[in-house]
Amino acid sequence: QVQLVESGGGLVQFGGSLRLSCAASGRIFSINAMGWYRQAPGKQRDLVAVISSGGSTAYADSAKGRFTISRDNAKNTVYLQMNSLKPEDTAVYYCNVQGYSGSAYSHWGQGTQVTVSS
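Procedures and definitions
Residue indices follow the written sequence of each chain, beginning from 1 at its first position. Local features in this predicted model are restricted to residues of pLDDT 70 or higher, and side-chain atom pairs are both shown and tallied only at a pLDDT of 80 or more, whereas totals for entire chains, interfaces and linings draw on every residue. Only hydrogens and water are set aside; all other atoms, that is, all heavy atoms of the structure, feed into the side-chain values. A run of DSSP states H or I qualifies as a helix once it reaches four residues; a run of E qualifies as a strand once it reaches two. Both are numbered from the N-terminal end. For every residue, the accessible area obtained with a 1.4 Å probe (protein chains only) is divided by the maximum for its type, and the residue is called buried under 20%, exposed over 50%, and partly exposed between those limits. Here a residue-residue contact requires only that any non-hydrogen atoms of the pair lie within 4.5 Å. Computed with the Shrake-Rupley method and a 1.4 Å probe, the accessible areas treat only the protein chains shown as cover for residues. We count Lys and Arg on the positive side and Asp and Glu on the negative side, and we leave His and both chain ends out. Lys charges are placed at NZ, Arg charges at CZ, Asp charges at CG and Glu charges at CD. Criterion for a disulfide: a pair of cysteine sulfur atoms at a distance within 2.5 Å. By salt bridge we mean one thing: a side-chain nitrogen of Lys or Arg within 4 Å of a carboxyl oxygen of Asp or Glu. Two rings belonging to Phe, Tyr or Trp (six-membered ring only in the last case) form a pair when the distance between their centres is within 6.5 Å. Interplanar angles under 30 degrees mark stacking, angles over 60 mark edge-to-face geometry, and anything in between is tilted. A positively charged side chain is recorded as over a ring if its NZ (Lys) or CZ (Arg) lies within 6 Å of the ring centre. The angle to the ring normal must also be within 35 degrees. Pairing between two strands is assigned when DSSP locates at least 2 bridges connecting them. To get an axis, fit a line to the C-alpha atoms, keeping to the stretch in contact for a helix; angles then go from 0 to 180 degrees between the N-to-C directions.

**Overview of the overall build of the chain**
And then number 1: The secondary structure content of the chain amounts to zero helices and eleven strands.
And then number 2: The helix and strand sequence of the chain, counted from the amino end, reads β-β-β-β-β-β-β-β-β-β-β.
And then number 3: In terms of principal-axis extent, the alpha carbons of the chain reach across some 45 × 25 × 25 Å.
And then number 4: Counting every position in the chain, which comprises 118 residues, the buried fraction comes to 39%.
And then number 5: If you take every contact in the chain between residues at least 6 apart in sequence, the share linking residues at least 24 apart comes to 54%.
And then number 6: Surface summary for the chain: the accessible area is close to 6,300 Å², and the carbon and sulfur share equals 47%.
And then number 7: Counting 10 positive and 6 negative side-chain charges, the chain places the centres of these two groups 4 Å from one another.

Here you go:
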């Protein structure tokens with residue numbers, strides 16, 4: 001069984017920073033991509049940033065220049081450093097882990113709330 005445990009969400013003022021963490025544990029092997037998605041009320045879940053096992057990254061336009069994704073492969077952990085936060089960044093943030101171990105897999109965290117006040 002695989003668990004993804006997220007932490008680091010909370011309430012922050014406009015222009016502030018937060019760092020999200022997501023640790024994968026359990027029977028999880030050969031992780032490839034690790035990423036962060038977010039879902040605001042009434043909207044679809046969208047990609048924020050993703051990082052490959054080799055360290056290549058990709059960001060949504062809204063995150064470029066403000067957010068940084070990183071990972072610690074030894075700890076099966078992915079991070080999202082969010083700076084210059086805006087009210088429109090308010091959402092539930094979910095981590096996602098994808099890989100292949102006999103068959104392809106994709107696991108989601110439970111989500112962590114990020115609220116940015118104006």
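Anyway, onward from the coordinates.
**Things to note about the state of the cysteines**
And then number 1: Within the structure shown, the criterion is met by one disulfide.
And then number 2: Each sulfur of the disulfide joining Cys 22 and Cys 95 lies 2.0 Å from the other. On the criterion of sequence distance, the pair formed by Cys 22 in strand β3 (residues 18-26) and Cys 95 in strand β9 (residues 91-100) is long-range, its members being 73 residues apart. The pair formed by Cys 22 and Cys 95 is uniform in burial state, with each residue classed as buried.

**Brief notes about the side chain of Ser 21**
And then number 1: Mapped onto the secondary structure, Ser 21 falls in strand β3.
And then number 2: A relative accessible area of 17% places Ser 21 in the buried class.
And then number 3: Ignoring anything within four residues of it in the chain, the contact list for Ser 21 reads Val 5, Glu 6, Ser 7, Trp 36, Val 78 and Tyr 79.

**Describing the pattern of salt bridges**
And then number 1: Counted under the stated rule, the structure contains three salt bridges.
And then number 2: Residues Asp 61 and Lys 64 are paired through a salt bridge, measuring 3.1 Å at the closest nitrogen-oxygen approach.
And then number 3: Residues participating in the shared-partner salt-bridge network are Arg 38, Arg 66 and Asp 89.

**A look at the packing of aromatic side chains**
And then number 1: Enumeration over the complete set of coordinates arrives at one aromatic pair.
And then number 2: Positioned over the ring face of Tyr 79 is Arg 19, at 4.1 Å from the centre of the ring.
And then number 3: Over the ring of Trp 108 we find Arg 45, and its NZ or CZ is 4.7 Å from the ring centre.

**A short note on the sheet that holds β3**
And then number 1: Pairing in this open sheet of four strands is antiparallel, and the strands run β1-β3-β8-β7 from one edge to the other. Strands with a single pairing partner mark the edges of an open sheet, and in this sheet they are β1 (2-7) and β7 (67-72). Taking the axes of each pair of neighbouring strands and ignoring which way they run, one obtains an average angle of 15° across the sheet.
And then number 2: For β1 and β3, the ladder comprises six bridges, and the chain directions are antiparallel.

**Observations concerning the pairing of β7**
And then number 1: Only one face of β7 is covered, namely the face carrying Phe 67, Ile 69 and Arg 71; the face carrying Thr 68, Ser 70 and Asp 72 is uncovered.
And then number 2: Bridge count for β7 against strand β8 (residues 77-82) is six bridges, and the pairing is antiparallel. Looking across to β8, one finds that Ile 69 is bridged to Leu 80.
And then number 3: Where β7 folds back onto β8 in an antiparallel hairpin, the turn is made up of four residues, including Asn 76, whose phi is positive at roughly 50°.

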